[in-house]
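So you can see what is in the structure, the chains are spelled out below.
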Amino acid sequence: MSSVKIFHNPKCGTSRTVLGMIRDAGMEPEVILYLEDPPSRAELVQLIEATGGSVRDVLRAKGELYEELGLADPKWSDDQLLDFMAAHPALINRPIVVTDKGTALCRPADKVLALLPTA
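Since the model is a prediction, treat every value here as computed from it, not as a measurement. (Residues numbered from 1 in each chain as written. Predicted model: local features only at pLDDT ≥ 70, side-chain atom pairs only at ≥ 80, totals over all residues. Heavy atoms only, no water.)

Caption draft 1: Highlighting the sheet that holds strand β2 (residues 30-33). Judged by pairing direction, the sheet is mixed, and its 4 strands sit side by side in the order β2-β1-β3-β4 without closing on themselves. Looking along the sheet, the strands with just one partner apiece sit at the ends: β2 and β4 (102-105). The sheet shows a mean angle of 15 degrees between the axes of neighbouring strands, direction not considered. Bridge count for strand β1 (residues 4-8) against strand β3 (residues 96-99) is 4 bridges, and the pairing is antiparallel. (Pairing = 2+ DSSP bridges. Helix = DSSP H or I, 4+ residues; strand = E, 2+ residues; numbered from the N terminus. Axes fitted to C-alpha atoms, helices over the stretch in contact; angles between N-to-C directions.)

See below:
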């Protein structure tokens, strides 16, 4: 496997666990601290499409900002939600892992196993 990329928040236990699992598999990923270096809106669209999930699947539905913006309301379109996530990267759920085998939001953490080489 040539490359592994993780969109990581070091304050998140699941994200730290997934990073450890990648390293335990003998790989050193490109660690993107997405709160400091957020993906562009276009990159976010590509990531979500690559996971095979929906925009809401990658939207972090916890925290004050989600509540303040009323993002649980179904009135928000995918385009609007993407705009919120691009403007406020804390609304991006994590960790998202990209490998040659695919892309996934690794919640729960063991989802990363399908993206790593088998022993």
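There is more to say after this.
Caption draft 2: Summary view of the side chain of Thr99. With respect to the helices, strands and loops of the structure, Thr99 is situated in strand β3. Reaching out from Thr99, the side chain makes a polar contact with the backbone nitrogen of Lys101 at a distance of 3.0 Å. (Polar contact = N/O pair within 3.5 Å; in protein donor to acceptor, adjacent residues only side chain to side chain.)

Caption draft 3: Fine view of the pattern of salt bridges. Here the structure, examined in full by the defined rule, presents 3 salt bridges. Of the charged contacts in the structure, one is a salt bridge between Arg23 and Glu28, with a shortest N-O distance of 2.9 Å. Residue classification places Arg23 among the partly exposed positions, given a relative accessible area of 41%. Looking at Glu28, the relative accessible area reads 56%, which means it is exposed. (Salt bridge = Lys/Arg side-chain N within 4 Å of Asp/Glu carboxyl O. Buried < 20%, exposed > 50% of the residue type's maximum accessible area, 1.4 Å probe, protein only.)

Caption draft 4: A look at the environment of Pro74. Mapped onto the fold, Pro74 is located in the loop between α4 (64-69) and α5 (78-87). A residue is classified by how much of its surface remains accessible, and Pro74, at 73% relative accessible area, is exposed. With 37 residues separating them along the chain, Pro74 and Lys111 place their C-alpha atoms 27 Å apart.

Caption draft 5: Structural context of the pairing of β4. Sheet analysis places β3 next to β4, joined by 4 bridges and oriented antiparallel. Across the sheet, residue Thr99 finds its bridge partner in β4, namely Gly102.

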